[in-house]
Amino acid sequence: MMKTCGCNDGEGCGQVFRAGDSMAGHDLRRQDWLMAVRFAVAAGLAFAGWMFGEGWEGVACYAAAYVVAGGHVMAAAARNVLRGRVFDENFLMTVASLGAFYLGEYAEGVAIMLFYLVGEHLQERSVAKSKQSISSLMQLRPDTARVRDAEGHTREVPAAEAVPGDCLLVHPGERVPVDGVVLEGVSSLDTSSLTGESLPREVSVGDEVLSGCVNLSGVLAVRVRKRWEDSTAARVLEIVQASAERKTKLENLITRISSWYTPCVVAAACLLAVLFPLLGDVSWAEGLRRGVILLVISCPCALVLSIPLTFCAAIGRASRLGILFKGSAFVDALNRVRMVAFDKTGTLTEGDFEVSEVRAWPPFSRKDILFVAASLEAVSPHPIARSIVRAWSGSRELERVEDGKVVAGKGVCGMLKGRFVMVGKASWLQEAGVVLQADDKEDGSVVVELAVDGVYAGRIKLADRMRGAAPAVVDFLRGAGCELAVLTGDTVVAGQYVARRLRIPTFHTNLLPDAKVSCLELFQRRLGGKGYVAFVGDGMNDAPVLTRADIGIAMGGLGSDVAMEAADVVLMANDLSKLPIAFGLAQHARRLVRQNIWLIAGVKGVVLAMGVLGVATTWEAVFADVGVSILASLNALRGFARFG
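Right, let's walk through the structure included here. Keep in mind the model is a prediction, meaning the values are calculated, not measured.

Counting its regular elements, the protein chain contains 22 helices and 22 strands. Within the span of the protein chain, comprising 644 residues, buried residues form 50% of the whole. Across the protein chain, the fraction of contacts at a sequence separation of at least 24, relative to all contacts at a separation of at least 6, is 66%. Accessible surface for the protein chain amounts to roughly 28600 Å². Of this, 58% is attributable to carbon and sulfur atoms.

Structure below.
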């Protein structure tokens, strides 16, 4: 029951299933067929033994059934003993079943191995099912790329051989092999494998496309921007494949306990088998029978399998929804979060500014102000400049600016129709001697002031739109008992405005990356180890604080390398509404783990007490081991489909 592959060779082939390995190359249907044949043969021989009765023919049939059903277990136990690994579940099952044979309970001895065989296979199938969501991610990786040379000829090469600068052709129905930029064509991309989003994304010349996305319509010519190993799909696969290596504290505890648990069980069974006969209450045969029952009941397979299986199912479901956990440890850790700190721009807000207000002072009109500002800002690559240019929708073409100059961090200036125009921060205009008009309403907007020939002309306000999901997410976390805070490098007015709108009481503004780390450490000290502090950021300048947080959650967007590296959890769709889903998956996984612990401990405890008192038979012991293992494994996979 502790194996990781579909082989029924007693100890498993030792292979670990990786995403997309299709059960490490094993044919599940073939394994189903072999198991069915083995079970049928063993059951038929056992039935023949029952028909023959106590004679040598019956014993021979039972022995043959035992070898068919449990020969691989005995072989594995023998190999492990020779390697110095004596005490494992194979050893327990072998000793218990041979003990039953020694007592003349042939049917019970065969039943131990027969049900163990069924339990093994069913649990292997449960593991395979839990890994299906993760395995499907391997479809992200195309095997080949179609490269077009300078003469227009195309050739197919392995995707890993595409290098930055190559021009690739991606036809409808094909996956984008590596990250790149569209050179030619217009199309729609299915990004659901990366982000969990069902709506297609429209792309045209100049847009970025990511590896793993499916081209839905037109042919695209894409210039390669990254090698395969550095591309988005490769990073996603790397994170998901490595997630199993980062175990929860509970999994690590079970692993440590298993190293001494089995020897203790064997010692207890031996003591039980000897103690009762010495006390004179039962015969030596009855003492041995009770010891055998203890061995069967005490096999730890149910716990050792069901707990990792639960977290594996949670990670698999999350990955299909565009939520990447970098290990089961972070699934469980979300349940200990008591405070969540947010970055503002790009996290609680869209990070995409739009013009919200234009004010003009005579003799200028609002249309004049926007036209002049857009003409000046057209020479700047700044996001705010692009927003102002985008807001101009007049019939006139923008004017050409002479001697246009971008002053970093301050604004843009230049000659427009023979007049000197300045567009930028209020402090910069004031340094130039411009007398500004007071702003009678501070609402957290970004304000761009405008002056013509040294005379104040007007202002433009730009608002960073609040994410639509932000209020609901904040309410969810507040309802879950989490303290909330905003840590932003923006101004006091902007930070306060967002915090008040979302009713977040704690906010810190004008923070550089190291100052954000200091604030987060202050929160951690205040909790004093009674809970975790999570930070949600956009994964760029927030990398230091994402790394320092107990749980770093990145609004990774599409292809954010920094988010992949720094965060423990990545929301691939840049969708804040997935945060409650991540918390819900973590809560459900912990609930299932607790249910399984109580189920396993309860059933084993009751049957163990019955066995010690001589009430339970080997059949009850088999159920307490194999039966409860199957129930726990099935329960570990339950309910995750409802998320998303």
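Next up on the list: the environment of Glu 377. By secondary structure assignment, the location of Glu 377 is in helix α13 (residues 366–377). Residues Glu 377 and Gly 411 lie 34 residues apart in sequence; the distance between their C-alpha atoms is 8.5 Å. Apart from residues lying up to four places away in sequence, Glu 377 is in contact with Ala 385, Ile 388, Val 389, Val 412, Val 423 and Val 448.

This part takes up the pairing of strand β4 (residues 180–184). In this sheet, strand β7 (residues 208–209) lies alongside β4 in antiparallel orientation, the contact comprising two bridges. The partner of Gly 180 across the bridge, within β7, is Val 209.

A few words now on the pairing of strand β21 (residues 551–554). Neither face of β21 is open: one carries Ile 551 and Ile 553, the other Gly 552 and Ala 554, and all of them are buried. Bridging between strand β20 (residues 532–537) and β21 involves four bridges; their strand directions are parallel. The residue of β21 that forms the bridge with Phe 535 is Gly 552. Looking at chain direction, β21 and strand β22 (residues 569–571) are connected through two bridges and run parallel.

For the rest of this paragraph, the subject is the packing of aromatic side chains. Per the stated rule, a full pass over the model turns up five aromatic pairs. Here the aromatic rings of Tyr 62 and Tyr 106 are separated by 6.0 Å at their centres, their planes lie at 25 degrees, and the arrangement is stacked. Of this pair, Tyr 62 sits in helix α2 (residues 56–82) while Tyr 106 sits in helix α4 (residues 106–130), placing them 44 residues apart in sequence. On the basis of relative accessibility, which here comes to 8%, the residue Tyr 62 falls in the buried class. Lying across the ring of Tyr 532, Arg 336 places its NZ or CZ 4.6 Å from the centre.

On to the sheet that holds strand β8 (residues 214–215), then. Spatially, three strands are ordered β6-β5-β8 in an open sheet, and the strand pairing comes out antiparallel. A strand with exactly one partner marks an edge of an open sheet, and here the two such strands are β6 (201–203) and β8. In this structure, strand β5 (residues 187–190) lies alongside β6, joined through three bridges in antiparallel fashion. Considered in β6, the bridge of Leu 189 is made with Arg 201.

With that out of the way, let us pick up the sheet that holds strand β15 (residues 419–424). The strand order across the open sheet formed by six strands is β12-β17-β16-β15-β14-β13, and the pairing between neighbours is antiparallel. The sheet is open, and its two borders are formed by β12 (349–360) and β13 (402–407), each paired with just one other strand. With strand direction ignored, the average angle separating the axes of adjacent strands in the sheet is 15 degrees. Pairing geometry for β15 and strand β16 (residues 446–452), over four bridges, is antiparallel. Residue pairing for β16: Met 422 is matched across the bridge by Ala 451. Each of β12, β14 (411–416), β15, β16 and β17 (455–466) touches α13; the most contacted strand, β14, lies at about 105 degrees to it.

What counts as what
Residues numbered from 1 in each chain as written. Predicted model: local features only at pLDDT ≥ 70, side-chain atom pairs only at ≥ 80, totals over all residues. Heavy atoms only, no water. Helix = DSSP H or I, 4+ residues; strand = E, 2+ residues; numbered from the N terminus. Buried < 20%, exposed > 50% of the residue type's maximum accessible area, 1.4 Å probe, protein only. Contact = heavy atoms within 4.5 Å. Areas by Shrake-Rupley, 256 points an atom, 1.4 Å probe, with all protein chains shown as cover. Pairing = 2+ DSSP bridges. Phe/Tyr/Trp six-rings, centres within 6.5 Å; stacked < 30°, edge-to-face > 60°. Lys NZ or Arg CZ within 6 Å of the ring centre and 35° of its normal. Axes fitted to C-alpha atoms, helices over the stretch in contact; angles between N-to-C directions.

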